[in-house]
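Structure assessment
If you want the building blocks of each chain, they are given just below.
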Amino acid sequence: MRIPPAILTLLTGMALVLSGLWIGQNVNLLPADASANAPVYDELFKVLFSIGAILFIGIVGLILYSLVRFRRRAGETGDGAAIEGNLPLEIVWTAIPAVVVLFVGIYSYDIYDRMGGMTPLNDHSMHGMQHSDERTWGGISPVALEGDGAIAPLPVDVTAMQFAFIFHYPDSDITSGELHVPVGQPVALQMKALDVIHAFWVPQFRLKQDVIPGQPTLLSFTPTRAGQYPIVCAELCGPYHGGMRSTVVVEEPESFAAWVAKNSPNPPAESPAAVQS
Amino acid sequence: MTLSLNPSPSLQPQGWLRYLSFSTDHKVIGLQYLVCGFLFYLIGGALAGAIRTELLTPISDFLPRETYNEVLTLHGTVMIFLWIVPVVNGAFGNYLIPFYVGARDMAFPRLNAVAFWLIPPAGILLISSYFITGAAQSGWTAYPPLSITTPATGQIIWILSVLLLGGSSIFGGINFIATILKLRRPGLGLMQLPMYCWAMLGTSILVVLSTPVLAGTLVLLSFDIIAHTGFFNPALGGNAVVYQHLFWFYSHPAVYIMVLPAFGLVSEILPVHARKPLFGYTTMVYSIMAIVFLGLIVWAHHMFTSGTPPWMRLFFTIATAFIAVPTGIKFFNWLATLWGGKISLNTAMLFCCGFIVNFVFGGITGVALAQVPFDIHVHDTYFVVGHFHYIVYGGTVFVIFASVYHWYPKVTGRLLNEPLGQLHFWLTFIGFNLCFAPQHWLGLNGMPRRVAEYDPQFTLINQFSSAGALLMAISTLPFLINVVMSAFNGAPAGDNPWKALTPEWLTSSPPPVENWHGEPPLVHEPYGYGVAPGELSLEASSGRDLWTLGQGDQR
Amino acid sequence: MTSLQSDSVAQEANATDHGHTDGHADHRIFGLATFLVADGMTFAGFFAAYLTFRAVNPLPSGHNYELELLLPTINTLLLLVSSFTFHRAGAALRRGNHPLCQRWLLLTAALGFSFLAGQMKEYFALPFGLTDNLFASTFYAITGFHGLHVTLGGLMILIVWWQSREGGRITIENQFPLEAAELYWHFVDGIWVILYGLLYLL
């Protein structure tokens, strides 16, 4: 029994969508997630991956099918069908991508909002977080981070220079080449560059922010998984750009407190979590 | 080679010497662009080879670090400004557009020659800076303050070279706009032009509007370097991000300048070898115009981590993502052109199909990159490197190769060798995908771009990528052998080996100096394939039999 | 078709002076206009940079310069009048009156060079130099780039003046050089009006 082409197309389409969805959910291309916003990012990635897989497999399938089915056989001299257009079809394949693109845009806006990207940076509720009357030029504000506001963000000053990141903790007056942070507490990085543009990137946090001379930036996140993760400079900054790396050490609050106590010239009397900014 | 029939006492050289002269013949200029561009492609490819060799190991052990940065800067600059832009615009545009509008030459033949002859000196200047003074080291994007703090001579030479090349591009753009709008043969309407004309019109509008902004910006950058002004130097009160806005205002349209002509060429090649009309002519035209308009207002998606305000990022996300709609329309139209056709699986068709597959992949990663939160993770990583190589190489370069296989018979009067062509295609397709597909994973997992050293966990994948690059280099050989040998030994092509319907096929191969003997043919339906067998004879060796000179209305 | 036909057609293809090919409309003004769009975009880039710097990089307090308006306003009037005089020169040529055309051209050139002299006077009177600060650099870059255009335009006017003499190359039949220079001059004038508005009035 010959299956009508319409049914065949419908079944193929359904198989395609299901395969795409499966691929998006199950093929893992990303590194471990270690911050609160990383799973949010990964959600978006899976959606984009699914849509992309559906489109790509669909189009490659169409081409391969056409090249086989409509191939000129030896000795054939005629032309193909004289079809110059099909308005309903064109409307369909204009409308569907437009809807998909709109959906993706709105969805990613929501994701960006959940990551904290839409919160104003020069917010008054951040008084004390900013240095004097300097404007913050970009990044993610700690005001936007999820979680109860009872935990004040841990402020860290980041200085990027050719070819290192230097971390300074204003509360405990520690200067270090590594970034130590406790699990579960929001961190607010105030970033400055001394010479050329650098970028602060932690792949496991899915966060990156350019550090631009003359334009202090702010990057806030909440680490969720203990471990050591690379900090990578992600803007060409000179001959040693590839070697400009550091490490972010996410540790349990107790070992973080121990690190602070051990390294600080004037350790704070109370635990860092209760320090008011 | 066609001898000039010109009886005037001109001192124009004959034969192959024309190609080294200040010829104003658009066909000669087109070929000058093509060969010159291909030479720079080989140079850019050698530079890529150096990069991929360095990246075989996770440490910086092949080139001195400054040299590596010079190499990557030159690789990008040479490929963009000396290979892709001149070839898809200057080579094919100059050769084909006069045929398509029914003219003997471009609107401004001398300007045309000037535009070409700006390129070899600019290219030599740029390449020689590597050997003599040290080349620029700040990437093809030349972001300040890095471009102000690295050695000045190389950077200034880079700026000068790019200014010359930008000027060449603008002169070409002026010529194409005037030719397409003003030089059409009487009786030929705008909506009867082959699609490549629309693509070149849209591209040239982008060239004229955006390239000057780059010129002005680079002039300001050179002031910062030479005169110590502070336009973009924060240490002197300037703003480094303003440079980025100005730079990308050109450089985003630049990618459409590199890709739109390729879209036009595919629209010419597919119908011929599928024996079907181009599907959806009118919507294809509107799509080009939509891409041109949108292409001018999306530049800041290159700056999502620079510290632009959230409302700006949102606008640029939406606008960028929407370019996928008119682009998608074009791809569906090409697929519909293939569907129901009588497809000849020759090399030109294979490269077009490879283009579709590669570009769709690159377009999908492009829509992903347009989303701000997605981009924040992968900006300035190998994910982006993978993305844009799928577009410019998997896209435009594949189309350039398809176009060479398609038009070589017309230009030289000889056919290329098909089996060698197929070998070229498969080596290129496999090598290209092996090189660039893994780079997406590298970027997602933590490898930034423009580096000579990386996390050792990425070593094996980088080696795969370098193997792919080697395969791409090897793939050039069957192509070069084919092109050179077929010029001497190829089978005679005749006027119209593909039985195509556009005006360049309705004359001899190669064409005479004046393009056609007699009046230019009036072709109302350049994609008039698809007549039922028996109604139209395709056995004629020349398409001239299909059209009565001066009257084109067969249906 | 005969070989004679193909010869003349080939000649047409190789003709160097397109103003003289029969049956071909002259598209050179269209080409020039397109070029001026491109040139205008260069200025647009500079203006955009200027406006962005103003909005985002204000000068440290105490450095906001009040530019004097008298000289630039006079300069604006000079340029506007010079566009008018250039137009009159073209009208005179179209009536075949070469001496009158030349007089109008000379007047235009004089106005143009007076503009440049005024600009130089202003430069010397300004309290800031090229590298003093961002506003200063941008000011000199924009007005300097425009001044360069005026200088080139002035030189072109002088060339056109010379060729407009009786027996010169510019005639009623060959108006293109004058038309082209005139279009360019109007463009330079228009750019100045925008520049004046943005740098001096805003």
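Residues numbered from 1 in each chain as written. Chains lettered and ligands numbered in written order. Predicted model: local features only at pLDDT ≥ 70, side-chain atom pairs only at ≥ 80, totals over all residues. Heavy atoms only, no water.

Description of the overall build of chain B
Broken down by element type, chain B carries 16 helices and zero strands. For chain B, the C-alpha atoms occupy an extent of roughly 70 × 55 × 45 Å along the three principal directions. Relative to its 555 residues, chain B shows a buried fraction of 70%. Here the analysis covers contacts within chain B between residues at least 6 apart in sequence; of these, 82% occur between residues at least 24 apart. By element, 72% of the accessible surface of chain B is carried by carbon and sulfur atoms, the whole surface being about 16,500 Å². (Helix = DSSP H or I, 4+ residues; strand = E, 2+ residues; numbered from the N terminus. Buried < 20%, exposed > 50% of the residue type's maximum accessible area, 1.4 Å probe, protein only. Contact = heavy atoms within 4.5 Å. Areas by Shrake-Rupley, 256 points an atom, 1.4 Å probe, with all protein chains shown as cover.)

As for the sheet that holds strand β9 (residues 227-233) of chain A
All names here are of chain A. With respect to topology, five strands assemble into an open sheet ordered β4-β10-β9-β6-β7, the strand pairing being mixed. At either margin of the open sheet sits one strand with a lone partner, and together these are β4 (179-182) and β7 (207-211). Ignoring which end each strand starts from, the neighbouring axes of this sheet average 20° apart. As paired strands, strand β6 (residues 198-202) and β7 are joined by five bridges and run antiparallel to one another. (Pairing = 2+ DSSP bridges. Axes fitted to C-alpha atoms, helices over the stretch in contact; angles between N-to-C directions.)

What about the layout of surface pockets?
All names here are of chain B. In this structure, the second largest pocket encloses a volume near 1,400 Å³. The wall of the second largest pocket is formed by 45 residues, among which Y19, L31, V35, V411 and T412 lie closest to the centre. At the level of elements, α1 (26-54), α2 (65-101), α3 (109-117), α14 (382-412) and α16 (459-489) are the ones that each hand at least two residues to the lining of the second largest pocket. Looking at the lining of the second largest pocket residue by residue, the class counts come to 36 nonpolar, five polar and four charged. (1 Å grid on protein atoms, 1.4 Å probe; cavity = no way out; pocket = protein on both sides within 12 Å on 5 of 7 lines; lining within 4 Å. Points joined across faces, edges and corners; volume = space filled by probe spheres on them. Nonpolar A, V, L, I, M, F, W, Y, C, P; charged D, E, K, R; others polar.)

A few points about a nonpolar patch on the surface
A cluster of nonpolar residues, I3(A), I7(A), L8(A), L10(A), L11(A) and M14(A), forms a patch on the protein surface that exposes about 540 Å² of accessible area. Summarising the element assignment, I3(A) is placed in the segment before α1 (5-26). (Patch = residues over 30% accessible without salt bridge, like charges linked within 9 Å, V, L, I, M, F, W, Y side chains within 5 Å. Salt bridge = Lys/Arg side-chain N within 4 Å of Asp/Glu carboxyl O.)

A short note on the interface of chain B and chain A
The interface is formed by 89 residues belonging to chain B together with 79 residues belonging to chain A. Carbon and sulfur atoms supply 68% of the area buried between chain B and chain A, which totals about 7,200 Å² over both sides. In this structure, the connection of chain B to chain A is made through one salt bridge. Across the pair R275(B) and D79(A) runs a salt bridge whose closest N-O atoms are separated by 2.9 Å. It is helix α11 (residues 324-338) of chain B that provides the largest number of residues to the side of chain B that touches chain A, a total of eight residues. For the side of chain B that touches chain A, a count of residues per class yields 49 nonpolar, 26 polar and 14 charged. (Buried area = accessible area lost by both parts, 1.4 Å probe.)

Some points on the side chain of S264(A)
Residues and elements named next belong to chain A. Looking at where S264 falls in the secondary structure, it is placed in the segment after α4 (253-263). Given a relative accessible area of 9%, S264 falls into the buried group. A distance of 2.5 Å separates the side chain of S264 from the backbone oxygen of S172, its partner in a polar contact. Apart from the residues lying within four places of it in its own chain, the contact partners of S264 are S172 and I174. (Polar contact = N/O pair within 3.5 Å; in protein donor to acceptor, adjacent residues only side chain to side chain.)

Things to note about helix α6 (residues 152-182) of chain B
In this model, α6(B) (31 residues) spans 44 Å end to end at C-alpha, consistent with the 45 Å of a helix rising 1.5 Å per residue. In terms of burial, α6(B) is largely enclosed, as 22 of its 31 residues are buried. (Expected span 1.5 Å × (residues − 1).)

Section: the pairing of strand β10 (residues 245-251) of chain A
The two faces of a sheet get side chains in turn, since along a regular strand they alternate between them. Residues and elements named next belong to chain A. Taking burial as the measure, the seven residues of β10 include five buried ones, the bulk of the element. Pairing geometry for β4 and β10, over four bridges, is parallel. From the neighbouring strand, V181 faces β10, where its bridge partner is V250.

Focus on the environment of A193(A)
Inspection of the secondary structure puts A193(A) in strand β5 (residues 187-193). Separated by 16 residues in sequence, A193(A) and Q209(A) have C-alpha atoms that sit 12 Å apart.

Examining the side chain of S306(B)
Here S306(B) lies in the loop between α9 (281-295) and α10 (310-322). The exposure class of S306(B) is buried, given its relative accessible area of 2%. Polar contacts involving the side chain of S306(B) include one to the side chain of Q244(B), which spans 2.6 Å. Once residues lying within four places of it in the same chain are set aside, the contact partners of S306(B) are Q209(A), D210(A), I212(A), V241(B) and Q244(B).

With respect to the domain arrangement of chain A
Residues and elements named next belong to chain A. Here chain A is described as being made up of domain 1 (5-70 + 88-114) and domain 2 (124-267). When each unit is reduced to the centre of its C-alpha atoms, the spacing between domain 1 and domain 2 is 35 Å. Contact with domain 1, which involves twelve residues of that partner, is made by eleven residues of domain 2. Taken together, both faces of the contact between domain 1 and domain 2 bury some 1,100 Å²; the carbon and sulfur share is 48%. (Domains from an automatic or database assignment.)

Brief notes about the pattern of salt bridges
Residues and elements named next belong to chain A. Overall, the coordinates contain eight salt bridges over all chains when judged by the stated rule. In this structure, D33 engages R225 in a salt bridge whose closest nitrogen and oxygen atoms are separated by 3.3 Å. Pair noted here: D33 is in the loop between α1 and α2 (38-69) and R225 is in the loop between β8 (217-221) and β9, with a separation of 192 residues, a long-range link. With a relative accessible area of 41%, R225 lands in the partly exposed category. Within this structure, E43, D110 and R114 form a network of salt bridges that share partners.

Things to note about empty space enclosed by the protein
Residues and elements named next belong to chain B. Taken as a whole and assessed by the stated rule, the structure comprises eleven cavities of 30 Å³ or more. Counted as a void, the largest cavity has a volume near 170 Å³. Along the wall of the largest cavity there are 22 residues; nearest its centre are V85, P86, N89, S168 and S169. If you list the elements that add at least two residues to the lining of the largest cavity, you get α2, α6 and α7 (195-226).

As for the packing of aromatic side chains
Residues and elements named next belong to chain B. All chains considered together, the criterion is met by 89 aromatic pairs over all chains. Centroid distance F425 to W426: 4.9 Å. Interplanar angle 75°. Geometry classified as edge-to-face. Residue classification places F425 among the buried positions, given a relative accessible area of 3%. Where W441 meets F458, the ring centres are 6.0 Å apart and the plane angle is 85°; that geometry is what we call edge-to-face. Placement of W441 in helix α15 (residues 418-445) and of F458 in the loop between α15 and α16 is noted, with a sequence separation of 17 residues between them. In this structure W441 comes out as partly exposed when scored by relative accessible area, which is 28%. (Phe/Tyr/Trp six-rings, centres within 6.5 Å; stacked < 30°, edge-to-face > 60°.)

Quick look at unusual backbone geometry
A cis geometry characterises the amide bond from Q162(A) onward to F163(A), with omega recorded as 5°. Tracing the chain through its elements places F163(A) in the loop between β1 (154-161) and β2 (164-169). A cis amide bond, omega -5°, links P144(B) with the succeeding residue P145(B). Within the secondary structure, P145(B) is located in the loop between α4 (119-132) and α5 (146-149). Phi at A142(B) is positive, roughly 50°, even though this residue is not glycine.

Side note on the sheet that holds β5(A)
All names here are of chain A. One open sheet holds the five strands; their spatial order is β3-β2-β1-β5-β8, and the pairing between them is mixed. Strands with a single pairing partner mark the edges of an open sheet, and in this sheet they are β3 (174-176) and β8. Averaged over all pairs of adjacent strands, the angle between their axes in this sheet comes to 25°, without regard to strand direction. Pairing of β1 with β2 involves five bridges; the strand directions are antiparallel. Residue pairing in the sheet places M161 in a bridge with A164 of β2. Set on the sheet, α4 makes contact with β1, β2 and β3; between it and β3 the angle comes to about 100°.

Details of the packing of helix α3 (residues 70-94) of chain C against helix α4 (residues 98-125) of chain C
Residues and elements named next belong to chain C. Here α3 crosses α4 at 165°, and the two axes come no closer than 8 Å. Relative to α4, α3 is oriented roughly antiparallel. Judged by the twist between their axes, the crossing of α3 over α4 is left-handed. Taken together, the residues of the contact of α3 with α4 sort by class into 16 nonpolar, eight polar and three charged. (Parallel < 35°, antiparallel > 145°, perpendicular 65-115°, else oblique. Left-handed = near helix turned anticlockwise from the far one by under 90°.)

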